[in-house]
Amino acid sequence: MDLLGTEMWPCNVPDYQRSLDVARKRLRPVEFVRAWAERREWSLEWAQVECAASQPVAAPDVFAGLTPRERQVAVLVAQGLTNRSEAREFKTV
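Residues numbered from 1 in each chain as written. Predicted model: local features only at pLDDT ≥ 70, side-chain atom pairs only at ≥ 80, totals over all residues. Heavy atoms only, no water.

Undergrad: Can you lay out the overall build of the chain for me, pointing to particular residues and giving the numbers?
TA: Check the secondary structure of the chain and you find five helices and zero strands. Element order for the chain, N to C, with α for helix and β for strand: α-α-α-α-α. Burial status across the chain gives 8% buried among its 93 residues. (Helix = DSSP H or I, 4+ residues; strand = E, 2+ residues; numbered from the N terminus. Buried < 20%, exposed > 50% of the residue type's maximum accessible area, 1.4 Å probe, protein only.)

Written out as structure tokens, the structure is:
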């Protein structure tokens, strides 16, 4: 934060400390010191790219809140079936 000329908000300090603790536990002391020194040299833009690349992005659950039947219909619609062909698929016509 000091490289950016700003201070950390007090409400963010506990999360910051937890993140540091996790990093320290995962790395040997010499690895942590080396990584800390290297990353302090990064530009803000590079740090953002690295952070985004290291975190998996969860795909949204497009079926959230749908019943099993509604999910089946959604899959058929995505496949391009019409209402009549969907009905045949479900044997309702």
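Undergrad: Give a detailed account of the confidence of the model for the chain, specifying residues and quantitative values.
TA: When pLDDT is averaged across the chain, the result is 78; 83% of the residues are at 70 or more. The secondary-structure element of the chain with the lowest mean pLDDT is helix 5 (residues 83-89), recorded at 68, while helix 1 (residues 13-26) shows the highest, at 88. (pLDDT = per-residue confidence, 0-100.)

Undergrad: Would you mind going over the pattern of salt bridges in detail, with residue names and values included?
TA: This model, assessed by the stated rule, comprises three salt bridges. Of the charged contacts, one joins Arg24 and Asp21 as a salt bridge, the two residues approaching to 4.0 Å between their closest N and O atoms. Of this pair, Arg24 and Asp21 both sit in helix 1, separated by three residues, roughly a single helical turn. Judged by its relative accessible area of 42%, Arg24 is partly exposed. (Salt bridge = Lys/Arg side-chain N within 4 Å of Asp/Glu carboxyl O.)

Undergrad: Could you give me a rundown of the packing of aromatic side chains, with the residues and numbers involved?
TA: The description of two aromatic rings rests on the distance between their centres and on the angle between their planes. Within this structure, the stated rule accounts for one aromatic pair. Consider the rings of Phe32 and Trp36, whose centres lie 5.9 Å apart with planes at 25 degrees: the pair is stacked. You can see Phe32 and its partner Trp36 sitting in helix 2 (residues 29-40), four residues apart, about one turn around the helix. Residue Phe32 is classed as buried on the basis of its relative accessible area of 11%. Trp36 sits in the partly exposed class, given a relative accessible area of 35%. (Phe/Tyr/Trp six-rings, centres within 6.5 Å; stacked < 30°, edge-to-face > 60°.)

Undergrad: Give a detailed account of the environment of Ala23, specifying residues and quantitative values.
TA: Tracing the chain through its elements places Ala23 in helix 1. Exposure remark for Ala23: the relative accessible area of 24% places this residue in the partly exposed category. Residues Ala23 and Trp36, 13 residues apart in the sequence, show an inter-C-alpha distance of 9.7 Å.

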